[in-house]
Structures are given as structure tokens and as C-alpha cells.
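Architecture at a glance
Here is what each chain is made of, one letter per residue.
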Amino acid sequence: MQDETLKSLIDNFSFTRILAVLIFFAATWLMVRILRFAAELLAGKFSRYRLWISSAFPVLRLLIWISALAIIILVIINPPVNTLLTIIASAGLAIGLGAQDLIRNVIAGILILMDRPFRVGDMVKVGEHYGEVTNIGLRAITLHTFDDSAVTIPNALVLGQAVANSNSGALDEMVVVEFRLPATLDVVLLRELAREAAACSPYVYLKKPIIITIEDEFQRTFLTHLKIKAYVLDIRLERQLASDISERFKQELIRHGLMTEAMVLGPLQGSLAAS
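Residues numbered from 1 in each chain as written. Predicted model: local features only at pLDDT ≥ 70, side-chain atom pairs only at ≥ 80, totals over all residues. Heavy atoms only, no water.

Reading across from one edge, β4-β3-β2-β1-β5 is the order of the five strands in this open sheet, with antiparallel pairing throughout. Each having just a single partner strand, β4 (150-154) and β5 (163-165) make up the two edges of the open sheet. Strand-to-strand twist in this sheet, taken as the mean axis angle between neighbours without regard to direction, amounts to 40°. Pairing between strand β1 (residues 123-126) and β5: three bridges, direction antiparallel. Each bridged residue has a counterpart across the sheet, and for Val 126 the counterpart in β5 is Val 163. (Pairing = 2+ DSSP bridges. Helix = DSSP H or I, 4+ residues; strand = E, 2+ residues; numbered from the N terminus. Axes fitted to C-alpha atoms, helices over the stretch in contact; angles between N-to-C directions.)

In the predicted model, the protein carries a mean pLDDT of 83, and 88% of its residues have values of at least 70. For the protein, strand β9 (residues 269-274) is the element with the lowest average pLDDT, namely 42, and helix α7 (residues 187-199) is the one with the highest, namely 94. Low pLDDT, under 50, characterises residues 267-275; the predicted model gives this stretch 34 contacts beyond four residues in sequence or across chains. (pLDDT = per-residue confidence, 0-100. Contact = heavy atoms within 4.5 Å.)

For the structure on display, the rule yields four aromatic pairs. Geometrically, the ring pair formed by Phe 25 and Trp 65 is tilted, given 5.3 Å between the ring centres and 45° between the ring planes. Here Phe 25 is found in helix α2 (residues 15-45), whereas its partner Trp 65 is found in helix α3 (residues 50-77), with 40 residues between them in sequence. Overall, the relative accessible area of 45% leaves Phe 25 in the partly exposed class. The class of Trp 65 is partly exposed, set by a relative accessible area of 28%. (Phe/Tyr/Trp six-rings, centres within 6.5 Å; stacked < 30°, edge-to-face > 60°. Buried < 20%, exposed > 50% of the residue type's maximum accessible area, 1.4 Å probe, protein only.)

Let's shift gears to the pairing of strand β7 (residues 211-219). Judged from the nine bridges that link them, β7 and strand β8 (residues 221-232) form a sheet pairing that is antiparallel. Bridging across to β8, Gln 219 finds its partner in Thr 221. Joining the antiparallel neighbours β7 and β8 is a turn of one residue, in which Arg 220 adopts a positive phi near 70°.

All right, on to the pattern of salt bridges then. Scanning the model with the defined rule gives six salt bridges in all. In this structure, Arg 239 engages Glu 238 in a salt bridge whose closest nitrogen and oxygen atoms are separated by 2.3 Å. Among the residues examined, Arg 239 registers a relative accessible area of 38% and is labelled partly exposed. For Arg 255, the salt bridge identified is with Glu 252, shortest N-O distance 3.0 Å. Note that Arg 255 and Glu 252 are positioned in helix α8 (residues 238-255) at a spacing of three residues, about one turn of the helix. According to the relative accessible area criterion, Arg 255 is exposed, its value standing at 59%. (Salt bridge = Lys/Arg side-chain N within 4 Å of Asp/Glu carboxyl O.)

As C-alpha cells, then:
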């Protein structure tokens, strides 16, 4: 930065302006905190609109901070145009050389907020991590996994790979429960029991269809690969629905004499997956 530019910038500052910048910055920070509190309060009170409210907050936060930065620079500090252009050029060069990863993450964060491949509240799978998006920041996103861990993933890494979104902004999502059963069992009865097990669950969303699929499979012996596909009322109840369907279906197999308890706990292989 040239000496004249630095001198001009220093001359432009005064105690009053520095105090104004600090007060305005604190007010903006407080406004964002209040907005976050209000969003969480409304999301808890109006569960039907929880995902919409939660996804709107990161966009509003970004707009507030961009507006605040513009007001601080252009209105409160208000440097001469030549000084401002020189500072921007110098800052851009310094950032480009020393903080490339940070810049990549910030740009990726802005693209994620604008393109919205997922929102706060969505259930997504990024690499080996699967969970609910709890925060979309300018540097990274945060996932809350089912083992109660908070996973932070840099935005540039998220944007550079495939991301599976289970619900895309909807409150419900499809849950898939899979079983591999002996091929000798009556598939018509299996289909009926599977549908009943899903329909009776208190976590199922009955306004969307329950789908049962059956395929033949060979693993040392012939098997029937049965999939129960049902929608859960709320994405946060995904595991409860899968567990409840699995338990009900196994109980029905035993009650109808299709399998014994020993068989259910032994050769029967039930696996759960959500999509």
C-alpha cells in the first residue's frame, strides 16, 4: 500500500468514527443473535414450518452482514474513492496469497446459500457423514448425526462432491427397512404383514404411499429380499420409524408362525437404510 494511501486512511479515522464502527458492529451482532433466537422460537412453535424458518435464517444473516459491512465502509468510514480502490486491491492481493482456502470456503458458502442444494433442517449425506444440517456458515456447514455428534465440513469440500439430500426441504422423507428372508415363505403374506407393520407405526406419514418390493436373491441359498418403503412424519423421527417397523414386522412373523424367535434372532438378517 502506498504511503499516501495509508496516510489518507489514517487521517480519515477519528475517535468518533472508530466508536461508531464498534457500536454499529455490536448492534449488528446483537441483531443477528436476536434473529437467530426468534427463528429458533418460531421453528419450535410452528413445527409445520420449521424447515422453512430454519433455512431462511442463514440467507438473512448473510444479507445483514453484507449490508452492515457496506454501511461501515461507505457511510461511517467513507474513505476517498482512490483510497478505497487501493485498499480493495491490496486486500485482494493479500487475501489471494495468504488465505486461499478461506476464500474458497467463503465463495462456496455463498454459492450454497444462493443455489440451495440443501437447507438447514435437511437430512443429507456428505461423504461418509449422514445427518441433519444444523448450520450453513460462510466457512463450513454443520451436520448433527444420529450418534449425537456435530460434524463440521468445509464448504469447498461440500461443493466439490456429491451430496445426497433425503427430504429437499420437506418435513417428511422416505425410510427404507430391508429384510432378507428364506425364499420358501409366502411372499403374498409377507407383503401384507410388511404393509401392516408400516401402516400401524405412530411415526409413519400415511398421506404418502407405503411401498413393498420383493426381489429374489442368492447368498449361499435362495432368499427373498423384502424392502419396506414408508415416509416418516418428521425427519428427526427417521430412526424411530425404522426401528418400530422392524420390531412390528418381526413380531408378526413370529405370531403367524412363519419364523420362530430363534430364527428371527439368528438367520433372519434385517438391515435398515434411509434414502
